[in-house]
Amino acid sequence: MSLASETLVALPPYEVIGPEHAPAIVVLGGISAHRHVCASAADPRPGWWESVAGAGRPLDTTRYRLVGLDFLDGGRGPDGRPERSVTTHDQADAIAASLDDAGVARVHAVVGASYGGMVALAFAERYPERLERLIAIGAAHRSHPMTTALRAIQRRIVELGVETGRTHDALVLARALAMTTYRSAGEFEERFKCRSLASLGMTSFPVEQYLLHQGERFAATWSAERFLALSLSADLHFVEPAEIHVPTVLVAAEGDTNVPRGLVDELARETGGPCTIADLPSTNGHDAFLTEPESLGRILQTALASSVS
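To start, this report covers the structure provided alongside it.

### Some remarks on the nonpolar core
Inference 1: Counting residues in hydrophobic clusters, the biggest one holds 51 residues, and the most contacted among them are Val-26, Phe-123 and Phe-227.
Inference 2: Top element by residues in this core is helix H3 (residues 115–126). It accounts for eight residues.
Inference 3: In contact with Phe-123, other than residues within four places in its own chain, are Ala-92, Ile-95, Ala-96, Leu-99, Val-110, Pro-128, Arg-130 and Leu-131.
Inference 4: The next biggest cluster of nonpolar side chains, apart from the first, holds 30 residues, and it includes Ala-33, Trp-48, Ala-113 and Leu-296.

### As for the pairing of strand E8 (residues 248–253)
Inference 1: When you tally the buried positions in E8, you get six out of six residues, the bulk of the element.
Inference 2: Neither face of E8 is exposed, since Thr-248, Leu-250 and Ala-252 on one face and Val-249, Val-251 and Ala-253 on the opposite face are all buried.
Inference 3: Here four bridges tie strand E5 (residues 134–137) to E8, and the two strands are oriented parallel to one another. Looking across to E8, one finds that Ile-137 is bridged to Val-251.
Inference 4: Relative to strand E9 (residues 275–280), E8 runs parallel, the two sharing six bridges.

### Remarks on the pattern of salt bridges
Inference 1: Under the defined criterion, the tally for this structure stands at 16 salt bridges.
Inference 2: Here Arg-261 and Asp-279 are joined by a salt bridge, their closest N and O atoms 2.3 Å apart. Remark: Asp-279 occurs in strand E9 and Arg-261 occurs in helix H9 (residues 261–270); sequence separation between them is 18 residues.
Inference 3: Relative accessible area serves as the criterion here: at 38%, Arg-261 is assigned to the partly exposed category.
Inference 4: Among the residues examined, Asp-279 registers a relative accessible area of 47% and is labelled partly exposed.
Inference 5: The network of salt bridges with common partners includes Arg-183, Glu-187, Arg-191 and Asp-287.

### Notes on the sheet that holds E8
Inference 1: Taken in spatial order, the seven strands line up as E1-E3-E2-E4-E5-E8-E9 in an open sheet, and their pairing is mixed. Every interior strand has two partners, whereas the edge strands, strand E1 (14–17) and E9, have only one. Sheet twist, expressed as the mean angle between neighbouring strand axes with direction ignored, is 15°.
Inference 2: As judged from the four bridges shared by strand E2 (residues 24–28) and strand E4 (residues 109–113), these two strands associate in the parallel manner. Residue Val-26 lies in a different strand from E4, and its bridge partner there is Val-110.
Inference 3: Across the sheet, H9 is in contact with E8 and E9; its angle to E9 comes to roughly 160°.

Conventions used here
Residues numbered from 1 in each chain as written. Predicted model: local features only at pLDDT ≥ 70, side-chain atom pairs only at ≥ 80, totals over all residues. Heavy atoms only, no water. Core = buried A, V, L, I, M, F, W, Y, C linked by side-chain atoms within 4.5 Å. Buried < 20%, exposed > 50% of the residue type's maximum accessible area, 1.4 Å probe, protein only. Helix = DSSP H or I, 4+ residues; strand = E, 2+ residues; numbered from the N terminus. Contact = heavy atoms within 4.5 Å. Pairing = 2+ DSSP bridges. Salt bridge = Lys/Arg side-chain N within 4 Å of Asp/Glu carboxyl O. Axes fitted to C-alpha atoms, helices over the stretch in contact; angles between N-to-C directions.

Have a look at this one:
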């Protein structure tokens, strides 16, 4: 266990959905995902991955026992910044503790997308005896320098907002900038190629309105310290590919600028165990794990059903 994890809450909130004795799957999403993966009898509200998880879907809650978790965020410091840093290995330690609490010694798979894919890789590196297979979607063993550059700017925006008393506005802008990395240039060209909109002497653009709307939605529920902690955690992420020995499927979304295909290829070449790459066709870039449920579902079904050597 890392030094940081010794001072962090070791058991984050988690939720288990599915038959008690069914094979367990840990399901992890991006930084805005949470423990409620899909609707259930106990909580009928739609989950964050409703298009992929649930009865009769690829992550089938009649066949599998899904375990969803809230990510650790390092706590709140007195200045509106995280009290301490948190790494993807800290998240992996928290998953292990949660599985212990739930009475699950070994899982059929860990399925992680985006930041959750980084955490899944860290879990496979640290706890190889606790999973049969790994499926990492839109994630690699390290952050690409351009992705780190853009996230660093987002953090600077939020830090400036905290310092000037405009935290909400800063979170809106940081999330708006982040959205430009989650989607592709091709999608934006298709959706927002119309002219600017003028109203009361103000000029705005459809793409601008979309980004600010997404930012407002995010800022309504997020704190500065949680954003700063998880954004930094993504950039601190590193696993040693040679130390990952479990059978692994890496899902590479077409046009993903956050995790370029070359980085996924590098991980696949250096991974210590059997590893394959599944291409996910999309015009949406990094967010394809949310926007392409049918194509991704076929990949997941194949990966979950394959034999493990």
